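The primary structure of each chain is shown beneath.
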Amino acid sequence: MISSSIDSKDLAKRGESLIRQSSNRYLTTVLIAFRAKQRRFDDFDGLLEESAVKPVQRAIVELSDEQDQPDLLPG
């Protein structure tokens, strides 16, 4: 799902899509920051194997995937 090197153009498009489709840009930014903070602690605790991708990049990709493909979410 997340490759070790993320294309910067793809990442920018995903970020723009998140902001464009949100009703509140501030809350979207806070959500990205919160998710990135969670991923940073997951990396620190050794729960995630892939540490080449920065937490903010991982958060944007994950949130974008959740937004674009809601059927991937559990439950």
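Going along each chain's sequence as written, the residues are numbered from 1 onward. In keeping with the model being predicted, local features are shown solely for residues with a pLDDT of at least 70 and side-chain atom pairs are shown and tallied solely at 80 or more, while totals for entire chains, interfaces and linings include all residues. In computing side-chain values, all of the structure's heavy atoms are included and hydrogens and water are not.

1. What about the confidence of the model for the chain?
Argument step 1. In this model, the chain carries a mean pLDDT of 81, and residues with pLDDT of at least 70 account for 73%.
Argument step 2. No element of the chain has a lower mean pLDDT than helix 2 (residues 25-44), which averages 87, and none a higher one than helix 1 (residues 8-21), which averages 92. In predicted models, pLDDT denotes the confidence assigned by the predictor to each residue on a 0 to 100 scale. A run of H or I in DSSP becomes a helix once it reaches four residues, and a run of E becomes a strand once it reaches two; helices and strands are each numbered from the N terminus.

2. Structural notes on helix 3 (residues 55-68)
Argument step 1. The terminal C-alpha atoms of helix 3 lie 20 Å apart, and with 14 residues this matches the ideal 20 Å at 1.5 Å per residue to within 8%.
Argument step 2. Throughout this description, buried means an accessible area under 20% of the type-specific maximum (1.4 Å probe, protein chains only), exposed means over 50%, and partly exposed covers the range between. The set of residues buried in helix 3 consists of Arg-58, Ala-59, Ile-60, Val-61, Glu-62, Leu-63, Ser-64 and Asp-65. Each residue after the first adds 1.5 Å to the expected span of a helix.

3. Re a nonpolar patch on the surface
Argument step 1. On the surface, Tyr-26, Leu-27 and Val-30 cluster together into a nonpolar patch covering about 330 Å² of accessible area.
Argument step 2. Mapped onto the elements of the fold, Leu-27 is located in helix 2. Patch members must show over 30% relative accessible area and no salt bridge, and they are joined within 9 Å when carrying like charges or within 5 Å when they are nonpolar side chains of Val, Leu, Ile, Met, Phe, Trp or Tyr. Using a 1.4 Å probe, the Shrake-Rupley method yields the accessible areas, and only the shown protein chains count as cover for residues. A side-chain nitrogen of Lys or Arg and a carboxyl oxygen of Asp or Glu constitute a salt bridge if their distance falls within 4 Å.

4. A look at the nonpolar core
In a soluble, globular protein the nonpolar side chains are often hidden away together inside.
Argument step 1. Within the largest apolar cluster, eight residues are counted, these being Leu-11, Leu-18, Ile-32, Ala-36, Ala-59, Ile-60, Val-61 and Leu-63.
Argument step 2. When contributions to this core are tallied by element, the ones reaching two or more residues are helix 1, helix 2 and helix 3.
Argument step 3. The element that contributes the greatest number of residues to this core is helix 3, accounting for four residues.
Argument step 4. When near neighbours in sequence (up to four residues on either side) are disregarded, Ala-59 contacts Ile-32, Arg-35 and Ala-36. In plain words, nonpolar cores are sets of buried Ala, Val, Leu, Ile, Met, Phe, Trp, Tyr and Cys residues tied together by side-chain atoms within 4.5 Å. Residue contacts are counted whenever heavy atoms from the two residues lie within 4.5 Å of one another.

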